[in-house]
Amino acid sequence: MFNFLFNSSNQRKINSYAPIVKKINALEIEMQDLPDKVLRAKSVQFKSRLQNGENLDDILVEAFAVVREAGLRVLGLRVFDVQMMGAIILHQGKIAEMKTGEGKTLVATLAGYLNALSGEGVHVVTVNDYLAKRDSEWVGQIHKFLGLSVGLIQQALPKVERKLAYQCDVTYVTNSELGFDYLKDNMVLSMSEIVQNKFAFCIIDEVDSILIDEARTPLIISGPSEAPIEKYSRTKLLANILSKDVHYEVDEKARNIILTEQGTLFCEEYLSINNLYDLENPWVQYILNAIKARELFTKDVHYIIRDKEVVIVDEFTGRIMSGRRWSDGLHQAIEAKEDVVIQQENQTYASITYQNFFLLYPKLSGMTGTAKTEESELDKIYNLEVICVPTHKPLRRKEFPDLVYSNEYRKWEAIADECYDMYRVGRPTLVGTTSVEKSELLSKLLNQYKIPHSLLNAKPENVEKESDIIAQAGRQSSVTIATNMAGRGTDIILGGNPSYIAKSILVDLLIGKSSVKNNYKLQQLSPNTKISLNNILNALETDLHSVDFSMLEMEKKISIACEQVLTDDKLEIQLRKAYQMIFEEFETIFSKEREYVSQAGGLHVIGTERHESRRIDNQLRGRAGRQGDPGSSRFFLSVDDNLLRIFGGNKIADLMQALNVDNDTPMESTLLSKSLEAAQKKVEAYFYDTRKQVFEYDQVLNSQRQAIYAERRRILESSYPRDCVLQYAESTIDDIITFWLTSKENPEKFVNLNIKIKYLLNAADTFSISKDLYKDSEELKKWIIEQVRINYDLREAYLEQIKPGLIRQLEKYYLLQQIDNAWKDHLQKMGALRDSIGWRSYGQQDPLVEYKNEAFNLFIEMITHVKHTVVYAILRSRLMMKND
Ligand SMILES: Nc1ncnc2c1ncn2[C@@H]1O[C@H](COP(=O)(O)OP(=O)(O)OP(=O)(O)O)[C@@H](O)[C@H]1O
């Protein structure tokens, strides 16, 4: 019933887009007749229409028709109607769920183009550098053709180029670069160092990976702190002698450790301390982390050791998270466990969760093949609606029911058997595993079966090579084992991907070190083609060496050569000839294979474990049956799988017993699949709660961060920071007088006020506040402020003599430095507060409310502290005094 309602409501929305698409289609012939120049000039016309009061919706139909025509001219791709719908959804600030291979990259160009016309800049966000580069070079050509500028941010891009890339109309960038640049921009000491412009519109590719999977770990910029490293080594030894279920319990569901009463006493005795929970000398966190590292974090599943360092592996996506560290000492605990150098604990200088970061965009949108299962989270946290777009061609994938084995051994054997069967009939197979360790296990097994196969490990430096493998994973009898399929970027075309291989050969020959003779990919081509190719390259030799192309420039030239955009560049024309020659020969080979493979049933996807989230399973499944291709998928499970063991309870084991399943026969039943799905839903709900909690706690910090960043920006932008210092001074004097007033009964305070103000003004010993002034606190305040101004004027005049403008620089520097230092300390306190909130018991009270209250107090304290320190630092600065 609900399903029906849900489907019909989605359908209604999709139907509502049909008339718009119809209008776009109606313009097609008109667009086709326009010369390139006129088509390009449309961008300028749209911009002026927008300036004259029309809005983006008014020009959507025409703009999309223009992009469709440009796409056809530049890339040879005609945007499908369903892609138009996807683009409308993006423009409306929603999420378009479009199945794998439906061409989401192209969809983004339409919404990107339209929104960029407003002149505010559009960010297209991808999960890795490789995809950002690929997309900017590939579909970015459409924008360029239409006269828009395209920027690309890559990890090592220097600041100057980075800034230029952000200033472009459309900027391709990864989520982490984008987030870190935001944090760094809020740590700079001058406006010229800021690289990002104001946020306007953002399109997130693989939006679920970024807004859900990655949202569990906040972005953190940190620097060294002085936390004691030896505590990690000591607690590691301690953890080794503690016994599970005696000294501590492991909550696998919550991935948490609970110390028992006996455990607490044991630890206190072992460490010779009185209170494990003492905030002044905290131990408990070190102990819990040491046990966690031992019990809940497994090498090659949750992390790998690379160059003697612990590197996180995202357990959802299998992606290696270089440079990211677990926070709160967990990373150090794992380093201690693995006997690698324990890196000094870092102090957080700046941090933000992805949730709060992306909410900074006034308009946010995203696309993915898998979002519907998480739609309520996307709606509640990000206010993003998910709309499923129908596929261009009907889906022909067969989804076979899961097979459940009584143990792991039988399961892997059955997987290898299935690979063998597919290999024999010539069907390509893709096997998804959940960890590097398991993919290696299967690889060994396939070696025993003598099945040739490719193994993809998730290392980021291999992304490009992996795309090579994935691009050919649809070839006859190919078997590919991959830890994760999200963010691989290249779709699996049955029989092989000729355009990908042709382009990659050009890259190898022109940028890589290979030659026509030794390039292994070229071995499949005829001698004649190789000779012709060699001739083309030889003829280009002088051109190639006469100009010193950077690698990026060369890559751009290759990208243009591999598409259809008109060019009069001699080098690009020749490269295009080479490309077409390679492409055509591969196309001939691949098209035969394609026919064979399609007849045999297409790509077969094997899942080796149900993931904790249905979404990740769907990502894998979705690789088969792209764009109406035949294909199938099957999951092989065992009762020992984590999901079944932890969340399936005894239900599944009982079911298997009841059905009298012996060791060798797998069980295949809908009842079982339902139990599994229920188990997955439980896990999804659990992780959602965790993310929600991270978000709720970060929201408290978020409003404080916003306030601090806004204040920082105000100072940075100010050409006259003196006003700000004087505001702080007034507020400080207010505080001093209020304090003095409340303690006025005490005669001693009379003297104190004089001393305090004398100290503040760095005045001579003879300084004295006249007695009359004490009678009226308002007058008193006015008088002191006046003294501050006079004092300040004198300093300013003195400094102006030494170096004009120096005072303004000093003011800015003092202000920013004090804010930054205070914010760093504040972050540390907030972290400790969060931890301690978790340990304390609040009876009926909501810990979050308690956290909010205490966080507020801490913030006020911090602000007051900043004002005071700035005022004292400036008024008492040696640099600013004549007498020193
Ligand atoms: N309108 C179109 N006409 C023909 N081919 C298209 C069209 N749009 C996209 N394609 C092709 O479809 C393939 C897949 O495109 P793309 O990688 O953008 O898909 P995707 O939806 O992002 O898939 P994934 O979920 O794997 O990321 C590409 O090879 C692209 O050339």
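The name recorded for the chain in UniProt is Protein translocase subunit SecA, from Pyropia yezoensis. For the chain, the Function comment in UniProt is given as "Has a central role in coupling the hydrolysis of ATP to the transfer of proteins across the thylakoid membrane." According to the UniProt record, the Catalytic activity comment for the chain is "ATP + H2O + cellular proteinSide 1 = ADP + phosphate + cellular proteinSide 2."

Trainee: Help me understand the overall build of the chain, please; the structure alone is not making it clear to me.
Mentor: Helix and strand content of the chain: 33 helices and 21 strands. Per-residue burial over the chain gives 42% buried out of 884 residues. The long-range fraction of contacts in the chain, counting pairs at least 24 apart against all pairs at least 6 apart in sequence, stands at 75%.

Trainee: Any chance you could explain the domain arrangement of the chain here in plain terms?
Mentor: Size of an interface: often given as the accessible area lost when the parts come together. Taken as a whole, the chain is organised into domain 1 (2–218 + 356–388), domain 2 (226–344), domain 3 (393–494 + 602–677), domain 4 (496–601) and domain 5 (718–875). The centre of domain 1, based on its C-alpha atoms, is set 33 Å off from the matching centre of domain 3. Domain 1 puts 16 residues into the contact, and the matching count from domain 3 is 16 residues. Those elements giving two or more residues to the side of domain 1 that touches domain 3 turn out to be helix H7 (129–138) and helix H11 (207–213). Counting residues per element, the side of domain 1 that touches domain 3 draws most heavily on H7, at 3 residues. In the side of domain 1 that touches domain 3, the residues fall into 3 nonpolar, 7 polar and 6 charged.

Trainee: Sorry, what's going on with the site of the ligand here?
Mentor: Residues in close proximity to the ligand total 15 residues, the closest being Leu77, Thr100, Gly103, Lys104 and Thr105. Per-element tally for the shell around the ligand: the top contributor is helix H6 (residues 104–116), with 3 residues. Split by residue class, the shell around the ligand holds 5 nonpolar, 6 polar and 4 charged.

Trainee: Just checking my understanding: could you explain the packing of helix H12 (residues 230–241) against helix H14 (residues 284–295) for this structure?
Mentor: The description of two packed helices rests on the angle between their axes and on the distance between the axes. At their nearest, the axes of H12 and H14 sit 8 Å apart, and the two run at 60 degrees to each other. Of the possible angle classes, the one that applies to H12 and H14 is oblique. Crossing hand, H12 versus H14: right-handed. Residues Lys231, Tyr232, Thr235, Lys236, Leu238 and Ala239 of H12 lie in contact with H14, whose contacting residues are Tyr286, Ile287, Ala290, Ile291 and Arg294. By residue class, the composition of the contact of H12 with H14 is 7 nonpolar, 1 polar and 3 charged.

Trainee: Would you mind going over the pairing of strand S13 (residues 363–368) with me for this structure?
Mentor: Put simply, side chains in a regular strand alternate between the two faces of the sheet. Of all the 6 residues making up S13, 5 are buried; the element is thus mostly covered by neighbouring parts of the structure. Sheet topology places strand S1 (residues 95–97) next to S13; 3 bridges connect them, and they run parallel. Considered in S13, the bridge of Ala96 is made with Met367. Here 5 bridges tie strand S5 (residues 201–205) to S13, and the two strands are oriented parallel to one another. Pairing of Asp205 across the sheet is with Met367, part of S13.

Trainee: What exactly am I supposed to notice about the environment of Leu27 here?
Mentor: By secondary structure assignment, the location of Leu27 is in the loop between helix H1 (2–26) and helix H2 (28–32). When the C-alpha atoms of Leu27 and Leu506 are compared, they prove to be 37 Å apart, with 479 residues separating the residues in sequence. Excluding its chain neighbours within four sequence positions, the residues that come into contact with Leu27 are Val61, Glu62 and Ala65.

Trainee: What exactly am I supposed to notice about the sheet that holds strand S4 (residues 170–174) here?
Mentor: Adjacent strands of a sheet pair through backbone hydrogen bonds, lying either parallel or antiparallel. Reading across the sheet, the 7 strands line up as S3-S4-S2-S5-S13-S1-S14 and stay open at both edges, with parallel pairing between neighbours. Each edge of the sheet is formed by a strand with only one pairing partner; in this case those strands are strand S3 (150–152) and strand S14 (386–388). Direction aside, neighbouring strands of the sheet carry axes that sit 20 degrees apart on average. Helix-sheet contacts for H6 involve S1, strand S2 (122–126), S4, S5 and S13, and the interaxial angle to S5 is about 175 degrees.

Trainee: How should I be thinking about the sheet that holds strand S9 (residues 303–306) in this particular structure?
Mentor: Reading across the sheet, the 3 strands line up as S9-S10-S11 and stay open at both edges, with antiparallel pairing between neighbours. On the outer flanks of this sheet lie S9 and strand S11 (320–321), each paired with one strand and no other. Bridge analysis of S9 against strand S10 (residues 309–313) gives 4 bridges, and the strand direction is antiparallel. Pairing of Tyr303 across the sheet is with Ile312, part of S10.

Trainee: How should I be thinking about unusual backbone geometry in this particular structure?
Mentor: Across the chain, the bulk of peptide bonds are trans and the bulk of non-glycine residues have phi less than zero. Positive phi, close to 50 degrees, is recorded for Asp307, a residue that is not glycine. Inspection of the secondary structure puts Asp307 in the loop between S9 and S10. Despite not being glycine, Lys308 shows a phi value in the positive range, around 60 degrees. Within the secondary structure, Lys308 sits in the loop between S9 and S10.

Trainee: What am I meant to see in the UniProt feature "binding site: ATP" in the chain here?
Mentor: With numbering matched to this structure, UniProt assigns "binding site: ATP" to Gln83, Gly101, Glu102, Gly103, Lys104, Thr105 and Asp491. With respect to the secondary-structure elements, Lys104 resides in helix H6. Along the chain, Thr105 falls in helix H6. A count of 18 C-beta atoms within 10 Å places Thr105 in the partly exposed class. The residues contacting Thr105, other than those within four sequence positions of it, are Asp135, Trp138 and Val139.

Trainee: What is the right way to look at H12 in this model?
Mentor: Structural remark: α-helix, 3.6 residues per turn; residues separated by three or four positions point the same way. Its 12 residues place the ends of H12 18 Å apart at the C-alpha level, agreeing with the 16 Å of an ideal helix rising 1.5 Å per residue. Here H12 has its buried residues at Lys231, Tyr232, Thr235, Lys236 and Ala239. The buried residues of H12 occupy an angular sector of 135 degrees when projected down its axis, which confines them to one face. Facing away from the buried side of H12 by more than 90 degrees, the exposed set consists of Glu230, Leu237, Asn240 and Ile241.

Trainee: Looking at this model, I keep getting lost on the packing of helix H3 (residues 36–51) against helix H4 (residues 56–75). Mind explaining?
Mentor: Between H3 and H4, the least distance of the axes is 11 Å, while the angle of their chain directions is 155 degrees. Relative to H4, the element H3 lies roughly antiparallel. The handedness of the crossing between H3 and H4 comes out as left-handed. On the side of H3, the interface is formed by Asp36, Leu39, Lys42, Phe46 and Arg49, while H4 contributes Ile59, Ala63, Val66, Glu69, Ala70 and Arg73. Here the contact of H3 with H4 is built from residues that sort into 6 nonpolar, no polar and 5 charged.

Trainee: Sorry, what's going on with helix H9 (residues 159–166) here?
Mentor: Within the span of H9, buried status applies to Arg162, Ala165 and Tyr166. The buried residues of H9 occupy an angular sector of 95 degrees when projected down its axis, which confines them to one face. Lining the buried residues of H9 we find S3 and S4.

Trainee: I would appreciate a short explanation of the confidence of the model for the chain in the present structure.
Mentor: Parts of the prediction with low pLDDT should not have their coordinates interpreted in detail. Put simply, the chain has an average pLDDT of 85, and 90% of its residues get 70 or more. Throughout residues 1–6 the model reports pLDDT below 50, and contacts reaching past four residues in sequence, or to other chains, amount to 0 contacts. This complex was scored by the predictor with a pTM of 0.80 and an ipTM of 0.98.

Trainee: Please explain the environment of Thr738 as it appears in this structure.
Mentor: Relative to the elements of secondary structure, Thr738 occurs in helix H29 (residues 722–742). Here Thr738 falls in the exposed class, since 12 other C-beta atoms lie within 10 Å of it. Sequence-wise, Thr738 and Ser777 are 39 residues apart; in three dimensions their C-alpha atoms are separated by 9.0 Å.

Trainee: What is the right way to look at the environment of Arg134 in this model?
Mentor: As for its placement among the helices and strands, Arg134 is situated in helix H7. For the pair formed by Arg134 and Leu152, sequence separation is 18 residues and the distance between their alpha carbons is 9.8 Å.

Rules and cut-offs
- Residues numbered from 1 in each chain as written.
- Predicted model: local features only at pLDDT ≥ 70, side-chain atom pairs only at ≥ 80, totals over all residues.
- UniProt positions renumbered as here; feature names shortened; annotations may be inferred.
- Helix = DSSP H or I, 4+ residues; strand = E, 2+ residues; numbered from the N terminus.
- Buried ≥ 20, exposed ≤ 12 C-beta atoms within 10 Å, placed from the backbone.
- Contact = placed C-beta atoms within 7 Å.
- Domains from an automatic or database assignment.
- Nonpolar A, V, L, I, M, F, W, Y, C, P; charged D, E, K, R; others polar.
- Near = placed C-beta within 6 Å.
- Axes fitted to C-alpha atoms, helices over the stretch in contact; angles between N-to-C directions.
- Parallel < 35°, antiparallel > 145°, perpendicular 65-115°, else oblique.
- Left-handed = near helix turned anticlockwise from the far one by under 90°.
- Pairing = 2+ DSSP bridges.
- Expected span 1.5 Å × (residues − 1).
- Arc of directions from axis to C-beta.
- pLDDT = per-residue confidence, 0-100.

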